[in-house]
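Spelled out, the chains give:
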Amino acid sequence: MTEWMPNTWRDYPVHHLPQYANQERLHAVEKELRKSPPLVFAEEALQLKKSLAKVANGQAFLLQGGDCAESFADFSANNIRDMFRILLQMAVVLMFGSGMPVVKIGRMAGQYAKPRSSETETKNGITLPSYKGDNINGIEFSEQSRQPNPDRMMQAYHHASATLNLLRAFAQGGFADLNKVQEWNLGFVQDSLQGEIYQRFARRISATLAFMKACGIKSETVPLVRETSFYTSHEALLLPFEEALTRVDLSTGDWYDCSAHFLWIGERTRDPKGAHIEFCRGINNPIGVKIGPNTKVDDILRLCEVLNPLNEAGRLTFITRMGPVKIFDVLPPLLRAVEREGLKIVWTCDPMHANTQTTSTGLKTRDFDAILSEVQAFFDIHKAEGTFAGGLHFELTGKNVTECVGGTVKITEEELAEHYDTLCDPRLNATQSLELAFLVAEILKKNS
Ligand code: PEP
Ligand code: CO
């Protein structure tokens, strides 16, 4: 392997990066980011890697979720709280189902850059560059807004910083105290069937906590009851931004991308000879790679060699997104190859990205049943192969949106336009997310 530095990716073929018209401004922003404080601390990324090592060894479960694309316009304390809260609710349900700790990672505090299948978008005969996430350009359909603007990187940095600040406060400041498990039920969720099921479930946890308190295990004295660990992640797409936030950890001399705890590489940018893999191989954060339906055994073996040459458990997560049918052909040979080579991998399932369809009215949606089928297939395949189905990766929101069809809330195609707020891909709403968590908890219980 050649020597790695945060900027060696610049010598490799790169896709999905914007062309900035104003290079001088780009360099000024990069310089400013380089001297800005890191968003996360290397030791935190290392802690997450240790937790993911437990997942790789079948001793913990991973829940990763959040918006497809976070937006500056939707940035508010309430939105951050709602997202944190639904992930917390899901995690506690999954913890109960699996009897294992659940590692929680938000697609939050930095999920601002998107690869797009088309470079351009045409509306009413006008063609403009596609929207690529608030870190790159604006969603508004105008010539000016769609131009990549380097100043957005500074805005992304500050939005991520404020989001992280609140997430840390929620995780450690009392909001995540297990004694509040009943209070996490959101207003509109509470009135749904899932809300009722959750309320019953929360009462059982409260009863258990009361018993534990009588035994002397209480939140005042045991931080594990009062606090939780919550990590941030985003797709490492916009490499100038990631490079500028990459720092050396003085105690070890290792490099970390301090823009988030966990970074992943998308399905479209995971070429082992490309710039995105080159960048990620040198940072010591835990790394994910999206694995689509065309993945071959050689692809994943090469990815393991480049991204995890020391075969460190927790370093590498494969996020499969293959679709509920293709997964049966594609995943088993990959699992067998990884087992045969003795490679330590976290396997997690993203049942969203191979299940996107466009309705007759032109809205992108996903069917709850297709999502559930892919999740069920993922667990069945791992069970048959004797490997560990380590986690789930969802696009979801704590809000009452109508973007995915189905679920017991029975959202129909006709109802999609009512609360269709996503900037990019359709997300599960809070009740659909909770319903999935209960269904997965059942699968986990059966498998244990
Ligand atoms: C995403 O996670 O939003 C995404 C673009 O995924 P993928 O790379 O798997 O298509
Ligand atoms: Co998406």
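What you see is a predicted model; the values in this text were computed from it and never measured. The residue numbers shown here count from 1 along each chain, following its written sequence. Each chain gets a letter, beginning with A, and each ligand a number, beginning with 1, in the order they are written. In view of the model being predicted, local features appear only for residues whose pLDDT reaches at least 70, and side-chain atom pairs are presented and counted only at 80 or more, with totals across whole chains, interfaces and linings using the full set of residues. Heavy atoms from the whole structure form the basis of all side-chain values; hydrogens and water molecules are not counted.

**Focus on the pattern of salt bridges**
Then step 1. Between Lys or Arg on one side and Asp or Glu on the other, a salt bridge is scored when a side-chain nitrogen of the former is within 4 Å of a carboxyl oxygen of the latter. All chains considered together, the criterion is met by 24 salt bridges.
Then step 2. Two residues, Glu227 and Arg226, come together in a salt bridge whose shortest N-O distance is 3.7 Å.
Then step 3. Between Lys445 and Glu442 there is a salt bridge, with the nearest N and O atoms lying 3.5 Å from each other. Placement of both Lys445 and Glu442 in helix H14 (residues 430-447) is noted, with a separation of three residues, approximately one turn of the helix.
Then step 4. You can call Glu442 partly exposed: its relative accessible area is 41%.
Then step 5. Through salt bridges with shared partners, one network takes in Arg107, Lys364, Arg366, Glu395 and Asp425. In this text, helices come from DSSP runs of H or I with a minimum length of four residues, and strands from runs of E with a minimum of two, each type numbered from the N-terminal end. Exposure categories follow from relative accessible area, calculated using a 1.4 Å probe and restricted to protein chains: below 20% of the type maximum is buried, above 50% is exposed, and the middle band is partly exposed.

**Some details on the confidence of the model for the protein**
Then step 1. pLDDT measures how confident the predictor is about each residue, on a scale from 0 to 100. A residue-level look at the protein finds 100% of positions with pLDDT of 70 or above and a mean pLDDT of 96.
Then step 2. No element of the protein has a lower mean pLDDT than helix H6 (residues 187-190), at 78, and none a higher one than strand E10 (residues 316-320), at 99.

**Comments concerning the site of ligand 1**
Then step 1. Only heavy atoms are used to decide nearness, and a residue is near a molecule or strand if one of them lies within 4 Å of it. The full set of residues close to ligand 1 is Cys68, Arg107, Lys114, Trp264, Gly266, Glu267, Arg268, Lys290, Arg321, His353 and Glu395.
Then step 2. Isolated, ligand 1 exposes 290 Å² of accessible area, and the fraction of that covered by the protein chains is 98%.
Then step 3. Gly is put with the polar residues, along with every residue not named as nonpolar or charged; the nonpolar set is Ala, Val, Leu, Ile, Met, Phe, Trp, Tyr, Cys and Pro, and the charged set is Asp, Glu, Lys and Arg. Grouping the constituent residues of the shell around ligand 1 by class yields two nonpolar, two polar and seven charged. Each accessible area value is a Shrake-Rupley result obtained with a 1.4 Å probe; residue values ignore everything except the protein chains displayed when judging cover.

**Quick notes on the coordination of the cobalt ion (ligand 2)**
Then step 1. Around the cobalt ion (ligand 2), the donor atoms from the protein are Cys68 (SG), His353 (NE2), Glu395 (OE) and Asp425 (OD), and they sit 2.1 to 2.4 Å away.
Then step 2. Positions of the donor residues of the cobalt ion (ligand 2), expressed as sequence spacing, correspond to C-x284-H-x41-E-x29-D. Taken together, the residues span a long stretch of sequence, with Cys68 in the loop between strand E1 (61-66) and helix H3 (77-98) and His353 in the loop between strand E11 (346-349) and strand E12 (357-358) at a distance of 285 residues. Considered together, Cys68 and His353 belong to a single accessibility category, that of buried residues. Each metal site lists N, O and S donors within 2.8 Å (3.2 Å for Na, K and Ca). With water left out of the atoms, a site can look as if it is missing ligands.

**Some words on the packing of aromatic side chains**
Then step 1. Stacked, edge-to-face and tilted are the three classes for Phe, Tyr and Trp ring pairs, Trp counted by its six-membered ring, which pair at centre distances within 6.5 Å; planes under 30 degrees apart are stacked, over 60 edge-to-face, the rest tilted. Applying the stated criterion to the full structure yields 13 aromatic pairs.
Then step 2. Between Phe318 and Trp347, the aromatic rings sit 5.4 Å apart at their centres with planes inclined by 50 degrees, giving tilted as the arrangement. You can see Phe318 sitting in strand E10 and its partner Trp347 sitting in strand E11, a full 29 residues away along the chain. We note that Phe318, like Trp347, is buried.
Then step 3. By the ring-pair criterion, three or more aromatic residues cluster together here, those being Phe84, Phe170, Phe175 and Phe230.

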